[in-house]
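Coordinate analysis (summary)
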Amino acid sequence: MKHLIVFNPGSGKNNEQVESFKQFINERFAGLDYEIYETTGPRSVIPFLKEYLKNNKETVRVYACGGDGTVHEVANGLVGFNNAELAILPIGTGNDFLKYYGVNGENIDQYRDFAPLINGEAQPIDLTKISGEGLNEPWYSINVINFGFDAIVDAMGNYYKEHGLPEGTKEGTNPYDYALKHDAMKHGRFNDIEVYADGEKLNEKQLLLATLAQGSYVGGQFKCAPKSKNDDGLIDVCVLKTMTYLGLGMIIGTYTKGKHLDKPRKKIVYRQAKEIKMVAPKDFDVCVDGEMIKGNNFVVEVCPKAIKLVAPRTK
């Protein structure tokens, strides 16, 4: 077996940190057939992996060292290759996907060791494929595709982070907090997006938000898909209909804890499906494992047993 370790050196890390991490890798993989690949930009690892796996016929275990963005990109590079396996070392800022396996802020340090990943056994898991306008080729989601209220927060937060907050904004204001209060709360509760699950229309009017999940968590803390299983050949679909500020305030705690599906609710539609269609009169923001795209017509399909994953475990 070959071992390929992928990590993003990141603009926030200095050379000393990068060299220290490389030394850590060299120590853990001593005596094994391994290589290190440092990503060079957004989605740069995907074509590299496709070419690498095409030229290596033996099993290659690819270690995604980072957060959800790194995991998403590596997973996209493994699709279609039976000789590829994914392992995850959670050292990024966001680790929503691994929360499905019980990894959280309190125990995450236990999972920051290569040994269990090197010795672990890979099992097949499902991915979700999204295609449509705004995408030159399909993207694959290993965790959650979401749109509506929370995607607007992400999109506008990214915009303010890159271009700066409006003049007069208090110094030190978090761009995502600003986007929540000034964009999502004002305009993000009324989204003209129609959602169809295996041909069934799920909402007659505007929606607040929707999630299409293989994992369970989104946004760092929200257990959006408590019933999801990433090996059952289905997508967990949850649509929250437009609601008042009071209604939003009343449901948010329940939604965060993943208890929103414990009983039937008029404002929540839950389904399991193999294909989802999203249609809108104008472009809307879609968040795919934390990465943003934009369009007004998408098809989302489940891809059963699309890749093999070494599930995280402690020593």
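Here, the structure is the one placed above.
In this report, the structure presented in the accompanying data block is examined. (Residues numbered from 1 in each chain as written. Predicted model: local features only at pLDDT ≥ 70, side-chain atom pairs only at ≥ 80, totals over all residues. Heavy atoms only, no water.)

When you go through the protein residue by residue, the secondary structure sums to 8 helices and 14 strands. In terms of C-alpha radius of gyration, the protein reaches 20 Å, essentially the compact-globule figure of 20 Å for 315 residues. Taking the principal axes of its C-alpha atoms as reference, the protein extends roughly 60 × 50 × 35 Å. For the protein, buried positions account for 49% of its 315 residues. Within the protein, contacts between residues separated by at least 24 positions form 74% of all contacts whose residues are at least 6 apart in sequence. Across the protein, the 38 positively charged side chains and the 41 negatively charged ones have centroids separated by 7 Å. (Helix = DSSP H or I, 4+ residues; strand = E, 2+ residues; numbered from the N terminus. Rg over C-alpha atoms; globule rule 2.2 N^0.38 Å. Buried < 20%, exposed > 50% of the residue type's maximum accessible area, 1.4 Å probe, protein only. Contact = heavy atoms within 4.5 Å. Lys, Arg positive; Asp, Glu negative; His and termini not counted. Charge placed at Lys NZ, Arg CZ, Asp CG, Glu CD.)

Attention shifts here to unusual backbone geometry. Residues other than glycine seldom take positive phi values, yet arginine 43 does so here, at roughly 65°. Mapped onto the elements, arginine 43 comes out in the loop between strand E2 (34-38) and helix H2 (45-54). Take arginine 43: its relative accessible area is 21%, and that puts it in the partly exposed class. The residue aspartate 198 is not glycine, and still its phi comes out positive at about 50°. Relative to the elements of secondary structure, aspartate 198 occurs in the loop between strand E8 (194-197) and strand E9 (200-201). Exposure remark for aspartate 198: the relative accessible area of 47% places this residue in the partly exposed category.

This brings us to helix H6 (residues 149-163). For H6, spanning 15 residues, the distance from its first C-alpha to its last is 21 Å, which sits close to the expected 21 Å at 1.5 Å a residue. Buried within H6 we find Phe149, Asp150, Ala151, Ile152, Val153, Ala155, Gly157 and Tyr160. Taken together, the buried residues of H6 touch strand E7 (144-148), helix H7 (175-187), strand E10 (207-213), helix H8 (245-257), strand E13 (275-288) and strand E14 (291-310). Looking one or two places after H6, you find glycine 164, whose phi comes out positive at around 95°. (Expected span 1.5 Å × (residues − 1).)

For strand E5 (residues 122-132) and E14, the ladder comprises 10 bridges, and the chain directions are antiparallel. Across the sheet, alanine 122 pairs through a bridge with valine 310, a residue of E14. Two strands pair when backbone bridges link them, and E13 and E14 are joined in this way by 10 bridges, in the antiparallel orientation. Note on E14: the bridge partner recorded for isoleucine 276 is valine 300. Taken together, E13 and the strand that follows it, E14, pair antiparallel across an intervening segment of 2 residues, in which aspartate 289 is found at a positive phi of about 55°. (Pairing = 2+ DSSP bridges.)

Among the nonpolar cores identified, the biggest contains 31 residues, and Leu78, Leu86, Ile142 and Ile307 are the most heavily contacted of them. Contributions of two or more residues to this core are made by strand E1 (2-7), H2, strand E3 (60-66), helix H3 (68-78), strand E4 (84-90), helix H4 (96-99), E5 and E14. It is H2 that provides the largest number of residues to this core, a total of 5 residues. Residues within four places of isoleucine 142 in sequence aside, it is in contact with Val71, Ala75, Leu86, Phe97, Ile125, Leu127, Gln214, Gly215, Asp289 and Ile307. Listed in part, the 27 residues of the second largest apolar core include Phe147, Leu202, Ile235 and Ala280. (Core = buried A, V, L, I, M, F, W, Y, C linked by side-chain atoms within 4.5 Å.)

Here we take up the side chain of aspartate 68. Tracing the backbone shows aspartate 68 in helix H3. Among buried Asp, Glu, Lys and Arg side chains, aspartate 68 stands out as unpaired, with lysine 99 the closest opposite charge at 6.2 Å. In terms of polar contacts, aspartate 68 uses its side chain to reach the backbone amide nitrogen of phenylalanine 97, at 3.1 Å. Apart from residues lying up to four places away in sequence, aspartate 68 is in contact with Gly94, Asn95, Asp96, Phe97 and Asp289. (Salt bridge = Lys/Arg side-chain N within 4 Å of Asp/Glu carboxyl O. Polar contact = N/O pair within 3.5 Å; in protein donor to acceptor, adjacent residues only side chain to side chain.)

In this section: the state of the cysteines. One pass over the structure, following the stated rule, counts 0 disulfides. For the unlinked cysteine cysteine 238, the closest cysteine sulfur is that of cysteine 224, found at 7.8 Å. On the accessibility criterion, cysteine 238 (2% relative accessible area) is buried. (Disulfide = S-S within 2.5 Å.)

It is worth spelling out H7 at this point. Its 13 residues place the ends of H7 17 Å apart at the C-alpha level, agreeing with the 18 Å of an ideal helix rising 1.5 Å per residue. The axis of H7 is deflected most strongly, by about 30°, at lysine 181. Residues Pro175, Tyr178, Ala179, Asp183 and Ala184 constitute the buried set of H7. In this structure, the buried side of H7 is in contact with H6. N-cap assignment for H7: the residue whose side-chain oxygen lies 2.7 Å from the backbone N of tyrosine 176 is asparagine 174. (Bend = angle between axes of the 7 residues up to and from the residue.)

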